[in-house]
Amino acid sequence: MTGTALAGPDGALRCPWALSTEDYVAYHDEEWGRPVHGDDALYERLSLEAFQSGLSWITILRRREGFRAAFADFKIASVAAFTDADRERLLADPGIIRNRAKIDATLANARVLADWSPGELDTLIWSYAPDPASRPIPRSLADVPAVTDESTALSKALKKRGLRFVGPTTAYALMQACGLVDDHLADCVARRL
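Calculation rules
- Residues numbered from 1 in each chain as written.
- Predicted model: local features only at pLDDT ≥ 70, side-chain atom pairs only at ≥ 80, totals over all residues.
- Heavy atoms only, no water.
- Salt bridge = Lys/Arg side-chain N within 4 Å of Asp/Glu carboxyl O.
- Helix = DSSP H or I, 4+ residues; strand = E, 2+ residues; numbered from the N terminus.
- Buried < 20%, exposed > 50% of the residue type's maximum accessible area, 1.4 Å probe, protein only.
- UniProt positions renumbered as here; feature names shortened; annotations may be inferred.
- Contact = heavy atoms within 4.5 Å.
- Polar contact = N/O pair within 3.5 Å; in protein donor to acceptor, adjacent residues only side chain to side chain.
- Core = buried A, V, L, I, M, F, W, Y, C linked by side-chain atoms within 4.5 Å.
- Phe/Tyr/Trp six-rings, centres within 6.5 Å; stacked < 30°, edge-to-face > 60°.
- Lys NZ or Arg CZ within 6 Å of the ring centre and 35° of its normal.
- Axes fitted to C-alpha atoms, helices over the stretch in contact; angles between N-to-C directions.
- Parallel < 35°, antiparallel > 145°, perpendicular 65-115°, else oblique.
- Left-handed = near helix turned anticlockwise from the far one by under 90°.
- Nonpolar A, V, L, I, M, F, W, Y, C, P; charged D, E, K, R; others polar.

### Some points on the pattern of salt bridges
Tallied over the full model, the rule gives 13 salt bridges. Arg64 is the salt-bridge partner of Glu31, the closest N and O atoms lying 2.8 Å from each other. Of this pair, Glu31 sits in the loop between α1 (22–30) and α2 (39–52) while Arg64 sits in helix α4 (residues 64–70), and the two are 33 residues apart along the sequence. With respect to class, Glu31 is no different from Arg64; both count as buried. One salt bridge in this structure joins Arg191 and Asp182, with 3.4 Å as the shortest N-O distance. Judged by its relative accessible area of 16%, Arg191 is buried. Among the residues examined, Asp182 registers a relative accessible area of 10% and is labelled buried.

### Quick word on the UniProt feature "binding site: Zn(2+)" (unreviewed entry) in the chain
UniProt's entry tags Cys15, His28, His184 and Cys188 with the feature "binding site: Zn(2+)" (unreviewed entry), counted in the numbering of this structure. For this annotated set, covering 174 residues, all C-alpha atoms fall within 10.2 Å of each other, a compact arrangement in space. Its place among the elements puts Cys15 in the loop between β2 (13–14) and α1. Once residues lying within four places of it in the same chain are set aside, the contact partners of Cys15 are His28, Asp183, His184, Leu185 and Cys188. Structurally, Cys188 can be placed in the segment after α10 (168–177). For Cys188, a relative accessible area of 6% puts it in the buried group.

### Some details on the environment of Pro16
With respect to the secondary-structure elements, Pro16 resides in the loop between β2 and α1. Separated by 59 residues in the primary sequence, Pro16 and Lys75 have C-alpha atoms spaced 33 Å apart. Apart from the residues within four sequence positions on either side, Pro16 is in contact with Gly3, Thr4, Ala5, Leu6, Leu141 and Leu185.

### Quick look at the environment of Ser56
Turning to its location among the elements, Ser56 is positioned in the loop between α2 and α3 (57–61). Residue Ser56 is classed as partly exposed on the basis of its relative accessible area, which comes to 35%. It is 18 Å that separates the C-alpha atoms of Ser56 and Arg68, two residues lying twelve residues apart in sequence.

### Considerations on the side chain of Ser155
The residue Ser155 is located in helix α9 (residues 149–160) in this model. Residue Ser155 is classed as buried on the basis of its relative accessible area of 2%. Side-chain polar atoms of Ser155 contact the backbone oxygen of Val166, separated by 2.6 Å. In contact with Ser155, other than residues within four places in its own chain, are Val166, Gly167, Pro168 and Ala171.

### As for the nonpolar core
Where a protein is soluble and globular, its nonpolar side chains tend to be buried together. One finds Phe67 and Phe71 to be the most contacted residues of the largest nonpolar core, which totals 47 residues. Every residue in contact with Phe67, bar those within four places of it in the chain, is listed here: Leu48, Phe51, Ile60, Phe74, Gly95, Ile96 and Ile97.

### Thoughts on the packing of aromatic side chains
Any aromatic ring pair is given by two values, namely how distant the centres are and how the planes are angled relative to each other. If you walk through the whole model with that rule in mind, you get nine aromatic pairs. The ring centre of Trp116 lies 4.0 Å from the NZ or CZ of Arg161, which sits over that ring.

### Section: unusual backbone geometry
Notably, Ala72 is not glycine yet its phi reads approximately 50 degrees, a positive angle. Residue position: Ala72 is located in the loop between α4 and α5 (76–80).

### Structural notes on the packing of α2 against helix α7 (residues 100–113)
In contact at an axis separation of 10 Å, α2 and α7 are set at 160 degrees when each is read in the N-to-C sense. Taken together, the axes of α2 and α7 are roughly antiparallel relative to one another. Helix-helix and strand crossings are classified by hand; for α2 and α7 the assignment is right-handed. Between α2 and α7, the contacting residues are Tyr43, Ser47, Ala50, Phe51 and Gln52 on the first element and Lys102, Ile103, Thr106, Asn109, Ala110 and Leu113 on the second. When grouped by side-chain class, the residues that make up the contact of α2 with α7 number six nonpolar, four polar and one charged.

Here's what the structure looks like:
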């Protein structure tokens, strides 16, 4: 069956996408699919998923520290206070992806989120986590969707609340990365039991 878990350098079975670089192995084993909570942490992940749109995740992963430095560790209150001078600094920063629309969305999203109550982003995002019992365990990459009803609903809820660059595919990537769903393959070492 194509896309089944493959043995990594240590012999452990992993999702095939995780084996192309050491960076991916570490991200796969230690982060992807693990529950993430907290407004700032989820804002970071949402922002990075938006920056990833149209690019390879490895591009974002390798620049993550640059993004954190450029965006004040993704502290919502700090980013919401960024000025036009900060925007120009970001557009010139070679340590991040210098995409004007994505930078503007990240800044605008922080300004929107700064007006929310503490924990509101966390509560909203996690309210769209499907019941794990309702989802079949993926046995191959072909079993892993790019969009689900839940990610479409989450995307609509985020957009309705004023957030940008949060389409259904980005919302589903966020759900995967932050542990709302467990899309590790059935025989993957990182699959939650």
